[in-house]
Amino acid sequence: MSARQRTSADAATTDVPGRYGDGAREGYGDAASGRHRSIWDFDKMEHDDQASNTGKGSHGLLHQSRIQLDRGLIRARKWQTRVGESGGHYYQKWIVEGLLRQKPLPPSQDGRHIPLDAGAVRREPLLDERSGKHYKSNTIRSNRYSLVSFLPKQLIFQFGRLANFYFLVIGILQQVPGWSPTGKFTTIAPLAAFVALTMAKEGWDDYRRYLLDREDNQALIAVLAPSGIPGEPSTTKGRNLFGRKTDKKKRTEEESDIATGGYKSETDREAGWMRIKWQDVRVGDIIRLERNDRVPADIVLLHATGPNNVAYIDTMALDGETNLKSKQPSTLLANRCDTIAKLEKCAGELVCEDPNANLYYFEGRITVEGETAPLTINEVVFRGSTIRNTSETIGVVVNTGEECKIRMNGNQYVHTKSPRINRFTNRIVVALVVILLAITAGISGGYVLWQREYERNNPYLSLAPVGAAPLIVGTIILINGLIPLSLYIVIEFVKVFQAYFMNDIEMYDAATDTPISINTNTILEDLGQVSYIFSDKTGTLTENNMQFRKLTVGGTSWLHTMNMSQADLERALHQNQDESVPKTPDTMGKSSDGFDSSAKTHLDTATETPSAPRSGSATDSMLNYMQQSPHTPFSKQARQFLLCIALCHTCLPETSKDGKITFQAASPDEVALIQAAQDLGYLLIDRPAQSIKLQLPDPSGQVVQESYEVLKVVEFSSSRKRMSIVVRMPDGRICVICKGADNVIMNRLRLSDLATETAGEVDRKARQRHSMEAESYMRRKSMASPASPRASYGQRSGYFRRHSVRESKDLRRLSRASRQVDDEARSLRSEPTDLSDEPDESGDGDGVIDESIAADETKVFQKCFQHIDQYATEGLRVLLYGYRYLSDREYEDWTAAFNDATTSLVDRQKRIEEAAESIEKDFELAGGSAIEDKLQVGVPETIDKLRRANIKIWMLTGDKRETAINIARSANLARSFSEIYMLDATADDPQATMISIFADIERGLVSHTVLVIDGHTLSLVEDSEHLSAMFFDLAVRIDSVICCRAAPSQKANLVKGIRDTNSSRITLAIGDGANDIAMIQAAHVGIGISGREGLQAARVADYAIAQFRFLQRLLLVHGHWLYLRTSKYILCTFWKEWVFYIIQAQYQRFNGYSGTSLYQSWSLTAYNAAFTSLPIFFLGLCEQDLSPETLLAVPELYTFGQRDEGINLKKCIAWLFTGTVDTITVFVILWAEFTYNFTGFSDRSGFLDPGHDNALYPMGSLALTIVIILINVKILIFELHNKTWIPLTAFTLSISLWFFFLLIIDDLPIKYSEGENYRTFHAFTKGFGNSLSWWAVAIVGILIVLGANLASTALQRVFFPTDRNLWQELEKRGEVDKYLTEYNVEEAPAEARPSVSGSQRNDQPREGT
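Summary of the structure given here. Only a predicted model underlies this, so the values are computations on that prediction, with no experimental measurement involved.

### Here we look at the packing of helix H6 (residues 162-173) against helix H13 (residues 421-453)
- Contact geometry of H6 with H13 gives a least axis separation of 9 Å together with a crossing angle of 35 degrees. The segment H6 lies against H13, with Leu-162, Ala-163 and Tyr-166 engaging Asn-426, Val-429, Val-430, Val-433 and Leu-436.
- Taken together, the residues of the contact of H6 with H13 break down into seven nonpolar, one polar and no charged.

Here it is as structure tokens:
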């Protein structure tokens, strides 16, 4: 490490406040100073220790204590990690390997040997030398359980939940005779029913996954089975999932297969191709695939019908790359496997590496007739790929089922997911168990004292002493309801209905007829606490639909509108005007898509684009000009540029029966370019061997056909970043055309020095503009601080502060300042970037043709590089075109050297690139193109709102770096002023780079950071424990992370790394392909996109949606509601049980601590089942604190769940304190009335009113009356904000059931109450129910406890209102739109907006969670 880097690292770790995400990392922060100690400066602790000794007084001691504490915390973390690793080791050794006999397979001696013998494996399957058994079948399994493992795994999982285990123990204790005062089956029976119900639900969810896997397992494939070889043709049934009928056409084909004995046709029967299920495919099988067929297993190519025996493979579902891969069989097989007869005669052997997860490497060899050739990744096609542009492909299977590369990249052992809130609930249960034991100890001690004072002095009591065990156990059983079984029973029903009501019409995609799919309802509340989103790119953020969007030629930029829909065209034409229109309440409505209609398809507005379309700037206007003025410099340059586009490619045209021409290419970019050339009049009509035929207009406008001879093609590669083609023009001249990245082509231009100088000036101006924008952004961030009156965590600071009218003057001041800064930034962005000292009379060069500029190469360079810089800022994929003409002699000399390179046996690729370099120089600049990898609708808006919700978004893709960065820019992951850091092991030392980045971030030198890392560098980081710790410690401080060229297993490891590094945060992974399954399963919440890559991800995900934009409604609206509902449900459930049973405990003092229940046994049973189940059920189902419009307009409200503000230690204590006050109040009323008879009176004879019955049953009934009404009113009136007729009906029904219950048991025969302490026969109708005093006490008691609760709620809302309370008031007054407009909420940057629920965002959970 250099001295400068070491100084930067030291400064970063000692002179700046620590950050972990947006707060201090748990276990590393210093509460006193807010400083941060991490792996970055752990090696400096000794130095700090010595320095602390020089400190004087308490400061030095405090500093030394902090160091010792840090050391202790680090040791504790290491110890915890070691314990976990040790536990995993012994579990693997003793349970998996010892008990289950599932030992890992040893590596084979030199790989697996597979004979190349047509149909032989259909007779006898091959053996795996590692296990001595047959190779694994081709069956895949995404479900978590089998018939054998379901019961034991579920029992362990269910009783691993602390509450279930507690109730199991209580249920067992109740079986001991004489110990239970409430019967034997009051706990074990409902527990068994609840566990059985939960297991059935889990089993059903898993069975659905099995049915989805079966669709793949039972798909059909053609396998070579020559005559005489037995085979079992596979068939499929006419129904698929859940009994639905399959497609009629598909079913007809399958029935035809059945009729022909598994052969698709008579030709197949004669040839020996037999159709079998995927699950029946074996290692060594020779299979045939047709165009658009999915590959069922890993295969080695034997034959392909494409040009030069090339097959084009779509690996988008495998690695996320959109480019088609060209695969070619080994040269040994070129002429040996092209016919069925040759296949049957071909005998050889393949030796392949053992199955592994590396998608980018394959090693093997093939031997045929004594000749051996290597096998590499170029000859292998993996499962998950799709055959494209190739009519027929034949291959031999080398890996099947779970040993395929894509399956090995997935999580092999998927753990059952449980919501994060369960961990806190378990802590509450533990605390209540401790309280229960304390109460039991108190009652037991009270009995000892009572025994000494009363029992021994009363002979009739001393004859029946109570033993210690029955007393203790009986007391535990009596008040065991403090831990509510109803919490776990009712919540399961609540979640079923919650999942049903999540079928929101706003998350329905009409184009594909796809609603949201909910595969699990266990973790619904986690949707409201997400802090990290890991997203795939292709098919998730993008539509994988490349569109030619813009071009620059002759110093003028043009928008290509011929392939744009009317909606896209109108949006583009009015983009600038819309940005300047101020938002009003009328313009802030919400669309049916779930995002703001005023912000639809928002593009990067960092600068006013010089190429912004306006009247006359579309490419059709350019064509009109070229026809009217065909011989001007601009028209000549434009024709040359369009000709370059039409010639420099590898596309193949295909003409359908109706005469329509379609194009096939290895890259969708090339298809977009050639289609744009077709739109502009340069149509590729044929590509016979070594020639290209074009139909194009001549200078006079007449359409002619011309043929261009293709002499050489130097293909594109990731290292070259360019492609060249050498053609002979119709006039006999030889032209070389090159297209590639702008920085690559720039250095190969004839005027490269001028180009470099001009590009540097453009880059300087762009950096200056971005710097000014970044300064404005940082200024807005700093201006947010003064308006935040409460800086400490745990103190509320939001859009509003406490005020007599609940309005904040600081907020208004901030709002005005924020708008002022925004106006300055907007004016800054509107100023054109002038690249020259002279005024530009031509304007901005957008659709305004100036022939003087077209004739001046310097000005053309200036305009061109200005345009491509803006294209890149918009996230478009930019290509530059260059060309030059060669003499015949120059071409002959070059082609000789190039041919020598292509036939070289040593360093062939290197020599080819060197030869290409010799001709790829001195180009003339033809122009530049910009292609849009079209984002899904609403992606930029969704990402912006998720970022405002304090959610960090990572993009993990298998695509190349440049593509990933472009998409990040267009999707708003990277802003125009973002500082993009590259972590590339091939360029710099990763450790030094990370230290430098860390120093910049911690010093606050950058406003918005994006970290880009590739798969190779990530593999090096993963291999080093030190680098891995540094990387994740850095990554959580970065605003966005982009990982390109990432394997599926690396995606999953990144998710796991964040989960381990910051275990208190909820992660969400979203993707649409098979390559995303591993990360979806690794995240807390997995979401699948039902996209173009199929349903692989949607099948195994927890939730499936059709569009990425639905994510904002799923999280910000439904996630918020679900977390709020579950939190309130848990708090209210604990509170109502506390109120009910603490009264029971207080009563024990008055019955000699005998365990006698205050409540009649039937009412005790019906309390949770009938009287109080509906309130908490509908609270958990119907609660909506804010409207969807408000939650979407103010995403900052989502931090309510991230900060655990719904349920935390503070709230639990507050609720239990309130419950304690309620219980004391109720019991004091009972005690006073039944002891002193305040409401009773004496008759003339001196006896008490006979209606005043002070027996146990009236006393318990009075307590229940007050408690039941209190619970229903507090939950459904005070706590429930969304009051509709449904919960109000439940409120009426619950209270009515209590009095109806009193009437029922009142009329039961007297024999049912004989021998009990509760005389119920006619006790209500003819006893205390007729007493006015009883009803008077009930009413007074109800009013007292309700008044106390109402006063508490009112005080909180008036003096300590939360942000949610204030927004609720605004909604009630109908002033939400007014405040959104006044405070500029939706336009201001997230950091400049008034903070919600905390002035400083903090990733740490609240105390107690």
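Having seen the model, we can carry on.
### Remarks on the sheet that holds strand E10 (residues 348-352)
- Overall, antiparallel pairing links the four strands, which are arranged E1-E10-E11-E12 in an open sheet. The outermost strands of the open sheet, each flanked by one partner alone, are strand E1 (112-116) and strand E12 (371-375). With strand direction ignored, the average angle separating the axes of adjacent strands in the sheet is 20 degrees.
- The sheet contact formed by E1 and E10 spans five bridges and is antiparallel. For Arg-112, the partnering residue across the bridge sits in E10 and is Cys-352.

### Some words on empty space enclosed by the protein
- This model, assessed by the stated rule, comprises 13 cavities of 30 Å³ or more.
- Taken as a whole, the largest cavity encloses approximately 210 Å³ of empty space.
- Of all the elements in the fold, those that place two or more residues in the lining of the largest cavity are helix H7 (188-217), H13, helix H16 (486-501) and helix H37 (1110-1147).
- When residues in the lining of the largest cavity are grouped by element, the largest group, five residues, is from H16.
- When grouped by side-chain class, the residues that make up the lining of the largest cavity number eight nonpolar, five polar and six charged.

### Examining the sheet that holds strand E19 (residues 556-559)
- Pairing is antiparallel in the open sheet, where nine strands are placed in the order E19-E18-E28-E27-E26-E25-E24-E23-E22. Looking at strand neighbours, the two that pair on one side only are E19 and strand E22 (683-686), the edges of this open sheet. Pairwise comparison of adjacent strand axes, ignoring direction, gives a mean angle of 30 degrees for this sheet.
- In this sheet, strand E28 (residues 924-935) lies alongside strand E27 (residues 877-886) in antiparallel orientation, the contact comprising seven bridges. Counted as the bridge partner of Tyr-881 is Gly-927 from E28.
- With respect to the sheet, helix H28 (residues 908-919) is in contact with strand E24 (703-714), strand E25 (722-728), strand E26 (734-740) and E27, its orientation differing from that of E27 by roughly 70 degrees.

### Considering the packing of H16 against H37
- Between H16 and H37, the least distance of the axes is 11 Å, while the angle of their chain directions is 160 degrees. With respect to H37, the element H16 is oriented roughly antiparallel. Handedness of the crossing formed by H16 with H37: right-handed. Each of Ser-486, Leu-487, Val-490, Ile-491, Val-494, Gln-498 and Phe-501 in H16 lies in contact with H37, whose residues at this interface are His-1118, Leu-1122, Arg-1125, Thr-1126, Tyr-1129, Ile-1130, Thr-1133, Phe-1134, Lys-1136 and Glu-1137.
- Here the contact of H16 with H37 is composed, by residue class, of nine nonpolar, five polar and three charged.

### Topic: a nonpolar patch on the surface
- A cluster of nonpolar side chains, Leu-197, Phe-493, Val-496, Phe-497, Tyr-500 and Phe-501, forms an exposed patch at the surface whose accessible area comes to about 600 Å².
- The biggest single contributor to the nonpolar patch is H16, with five residues.
- When you line up the elements, Tyr-500 lands in helix H16.
- The class of Tyr-500 is exposed, set by a relative accessible area of 57%.

### Here's the deal with the packing of aromatic side chains
- By the definition in use, this model includes 32 aromatic pairs.
- When the ring of Phe-497 is compared with that of Phe-1177, the centres are 5.7 Å apart and the planes differ by 85 degrees; the resulting orientation is edge-to-face. One end of the pair, Phe-497, is in helix H16; the other, Phe-1177, is in helix H39 (residues 1173-1182), with 680 residues separating them in the sequence.
- Here a set of aromatic residues connected by ring pairs shows up, and it is made of Tyr-1257, Phe-1299, Phe-1324, Phe-1328, Trp-1334 and Trp-1335.
- Looking at Lys-1274, its charged tip hangs above the ring of Trp-1215, at a distance of 5.0 Å from the centre.
- For the cation-ring pair, Arg-1364 lies above Phe-1200, with the distance from its terminal atom to the ring centre recorded as 4.4 Å.

### Examining helix H20 (residues 633-647)
- Its 15 residues give H20 an end-to-end C-alpha distance of 21 Å, which sits within 8% of 21 Å, the value for a rise of 1.5 Å per residue.
- Of all 15 residues in H20, twelve are buried; the element is thus mostly enclosed.
- Those residues of H20 that fall on the buried side of the exposure criterion are Phe-634, Ser-635, Ala-638, Arg-639, Gln-640, Phe-641, Leu-642, Leu-643, Cys-644, Ile-645, Ala-646 and Leu-647.

### Comments concerning unusual backbone geometry
- A positive phi angle, near 55 degrees, is found at Asp-922, a position not held by glycine.
- Structurally, Asp-922 can be placed in the loop between H28 and E28.
- Unlike most non-glycine residues, Asp-1204 shows phi in positive territory, near 55 degrees.
- Among the structural elements, Asp-1204 can be located in the loop between helix H41 (1199-1202) and helix H42 (1209-1236).

### Some details on the pairing of strand E5 (residues 273-277)
- Of all the five residues making up E5, five are buried; the element is thus mostly covered by neighbouring parts of the structure.
- By the bridge criterion, five bridges tie strand E4 (residues 220-224) to E5 in an arrangement that is antiparallel. Each bridged residue has a counterpart across the sheet, and for Ile-221 the counterpart in E5 is Ile-276.

Thresholds, definitions, all that
Per chain, residues are indexed from 1 in the order of the written sequence. With pLDDT at 70 or above as the cut-off, local features in this predicted model cover only qualifying residues; side-chain atom pairs require 80 or more to be listed or tallied, and sums for whole chains, interfaces and linings still use all residues. With hydrogens and water excluded, all non-hydrogen atoms of the structure serve as input to the side-chain values. Lines fitted to the C-alpha atoms define the axes, with helices restricted to the stretch that makes contact. Angles between their N-to-C directions range from 0 to 180 degrees. Each helix is a run of H or I in the DSSP string that is no shorter than four residues. Each strand is a run of E no shorter than two, and both are numbered from the N terminus. We call two residues contacting when some pair of their heavy atoms lies within 4.5 Å. Each residue gets one of three labels, nonpolar for Ala, Val, Leu, Ile, Met, Phe, Trp, Tyr, Cys and Pro, charged for Asp, Glu, Lys and Arg, and polar for the others, Gly among them. A pair of strands is considered paired only if DSSP assigns at least 2 bridges between the two. A cavity, in this analysis, means grid points on a 1 Å lattice covering only the protein atoms where a 1.4 Å probe fits yet has no way out; a pocket is instead an open set bounded by protein on both sides within 12 Å along at least five of seven lines, and a residue lines either one if it has an atom within 4 Å of a point. Grid points are joined across faces, edges and corners, and a volume is the space filled by probe spheres set on the points. Small angles under 35 degrees read as roughly parallel and large ones over 145 as roughly antiparallel, with 65 to 115 read as roughly perpendicular and the rest as oblique. Handedness of a helix crossing follows the sense of rotation of the near helix relative to the far helix, less than a right angle counterclockwise being left-handed and clockwise being right-handed. Exposure above 30% relative accessible area and the absence of a salt bridge qualify a residue for a patch, where like charges join within 9 Å and nonpolar side chains (Val, Leu, Ile, Met, Phe, Trp, Tyr) within 5 Å. Only the protein chains shown count as covering a residue, and every accessible area follows the Shrake-Rupley method with a 1.4 Å probe. Think of a salt bridge as a Lys or Arg side-chain nitrogen and an Asp or Glu carboxyl oxygen that are within 4 Å of each other. Throughout, exposure labels follow a simple rule: accessible area from a 1.4 Å probe, protein chains only, divided by the maximum for the residue type, with under 20% read as buried, over 50% as exposed, and the rest as partly exposed. Stacked, edge-to-face and tilted are the three classes for Phe, Tyr and Trp ring pairs, Trp counted by its six-membered ring, which pair at centre distances within 6.5 Å; planes under 30 degrees apart are stacked, over 60 edge-to-face, the rest tilted. In this scheme, Lys NZ or Arg CZ marks a charge over a ring once it lies within 6 Å of the ring centre and within 35 degrees of the ring normal. A helix is expected to reach a length of 1.5 Å times the quantity of its residues less one.

Note that all results are geometric; they support no functional claim without further evidence.
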